[in-house]
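Summary of structural features
In case you want the letters, here they are:
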Amino acid sequence: MFSNGDYLIGIVAALIVGLSKTALPGAGLLATPLLAMVFSGRAIPGATLPVLILADLFAVTWYRRHARLDVLKPLVPWVGLGYVAGAIFFIVVGKAARPVELMIGSAILAVVVMQAWRMLRDAPAVEPTTIAAAGYGSAGGFTTFVSNNAGPIMNTYLMRLGLDKHELVGTTALFYFLVNASKIPFYAAIGQWSAGGHFFSVDALRYDAILIPAVLVGVFGGKLLFGRLPQRLFRWLVVILAGIAAVKLLVGA
């Protein structure tokens, strides 16, 4: 069912996911558009999620002591609101794969622009506000539910608050572990009770299982390289490549 090229794409995506969880927050932005070259429709977030959760387990184990619970708690109800919007979206589009790809492409492109703007401005830290938590939380909840790609949204929010490198990695590690794990029953329920098919399949899970070594190389490599890589250059490369991949999803090429 899958070609050697499909597995090569998956290995690259898995390596990037591992690195993004333990060394380079935001780099995982490229994983979903890469896997969208192998899967389509609901299978895109369904195939991406197990890879993310595996990497999350390592990240939250290593960095949870740096997590800032005080900045995560205000986001919880708004992320839930984003989940509801994402669930409604999947139910409405049903079996149509193209709207899912368009939404994923649009979401990724939007957060690419947001990330690039944030990096160009090098904006100073600000105090947390309810309005900011509502905006970033709901947008992040919807984007992660639909495309597993809320990284730039949440990173932008956390960087606005002036979190240092360790706090950023620890806070995002805990956030994404909880968020990604919570998506499993939602995806399963939507796949069971609405038109459009399942998010998870035996073939996709077998595909993900083959990617496990690449995830492990990514997370352990990231742990070794944490703090030693020119992260700004790498993030720009990821942003540019993710933008190209998002455009590809939008044009359907």
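Criteria and thresholds
Residues numbered from 1 in each chain as written. Predicted model: local features only at pLDDT ≥ 70, side-chain atom pairs only at ≥ 80, totals over all residues. Heavy atoms only, no water. pLDDT = per-residue confidence, 0-100. Helix = DSSP H or I, 4+ residues; strand = E, 2+ residues; numbered from the N terminus. Axes fitted to C-alpha atoms, helices over the stretch in contact; angles between N-to-C directions. Parallel < 35°, antiparallel > 145°, perpendicular 65-115°, else oblique. Left-handed = near helix turned anticlockwise from the far one by under 90°. Contact = heavy atoms within 4.5 Å. Nonpolar A, V, L, I, M, F, W, Y, C, P; charged D, E, K, R; others polar. Expected span 1.5 Å × (residues − 1). Buried < 20%, exposed > 50% of the residue type's maximum accessible area, 1.4 Å probe, protein only. Arc of directions from axis to C-beta. Phe/Tyr/Trp six-rings, centres within 6.5 Å; stacked < 30°, edge-to-face > 60°. Patch = residues over 30% accessible without salt bridge, like charges linked within 9 Å, V, L, I, M, F, W, Y side chains within 5 Å. Areas by Shrake-Rupley, 256 points an atom, 1.4 Å probe, with all protein chains shown as cover. Salt bridge = Lys/Arg side-chain N within 4 Å of Asp/Glu carboxyl O.

We now examine the confidence of the model for the chain. Confidence in the prediction for the chain averages 83 pLDDT; 89% of positions are at 70 or higher. By mean pLDDT, the top-scoring element of the chain is helix α10 (residues 202-210) (93), and the lowest-scoring one is helix α12 (residues 231-251) (69).

This brings us to the packing of helix α3 (residues 43-63) against helix α11 (residues 212-225). Two quantities define a packed helix pair, namely the angle between the helix axes and the distance between the axes. As a packed pair, α3 and α11 sit with axes 10 Å apart at the nearest point and diverge in direction by 30 degrees. Regarding the angle of α3 to α11, the classification is roughly parallel. The interaxial crossing formed by α3 with α11 has right-handed handedness. When α3 is examined against α11, the residues Val51, Leu54, Ala55, Phe58, Trp62 and Tyr63 are found in contact with a partner set consisting of Ile212, Val215, Leu216, Val219, Phe220 and Lys223. Looking at the contact of α3 with α11 residue by residue, the class counts come to eleven nonpolar, no polar and one charged.

Moving on: helix α5 (residues 76-93). For α5, built from 18 residues, the straight-helix expectation of 26 Å at 1.5 Å per residue is met to within 8% by its first-to-last C-alpha distance of 26 Å. Of the residues making up α5, those classed as buried are Val79, Gly82, Tyr83, Gly86, Ala87, Phe89, Phe90 and Val93. For α5, the arc enclosing every buried residue in end-on projection is 155 degrees, short of the 170-degree limit, so these residues lie on one face. Residues of α5 that are exposed and point more than 90 degrees away from the buried face comprise Pro77 and Val92.

Another point: the packing of aromatic side chains. Pairs of aromatic rings are described using the distance from one ring centre to the other and the angle between the two planes. Within this structure, the stated rule accounts for 21 aromatic pairs. Relative to Trp62, the ring of Phe58 lies with its centre 5.6 Å away and its plane at 55 degrees, an arrangement referred to as tilted. With Phe58 and Trp62 both in helix α3 and four residues apart, the pair spans about one turn of that helix. Residue Trp62 is classed as buried on the basis of its relative accessible area of 18%. With a centroid separation of 6.0 Å and 80 degrees between ring planes, the pair formed by Phe145 and Phe186 is classed as edge-to-face. Of this pair, Phe145 sits in helix α7 (residues 130-147) while Phe186 sits in helix α9 (residues 165-193), and the two are 41 residues apart along the sequence. For Phe186, a relative accessible area of 39% translates into the label partly exposed. By way of ring pairs, the aromatic residues Tyr83, Phe89, Phe90, Phe142, Phe145, Phe186, Tyr187, Phe199 and Phe200 are connected into one cluster.

Structurally, the position occupied by Pro33 is in helix α2 (residues 31-35). Sequence-wise, Pro33 and Ala246 are 213 residues apart; in three dimensions their C-alpha atoms are separated by 6.4 Å.

With that settled, the discussion passes to a nonpolar patch on the surface. A grouping of Val84, Ile88 and Val92 is seen on the molecular surface, where their side chains present a nonpolar patch of about 290 Å² in accessible area. Looking at the element boundaries, Val92 is found in helix α5. On the basis of relative accessible area, Val92 is assigned to the exposed category, the value being 65%.

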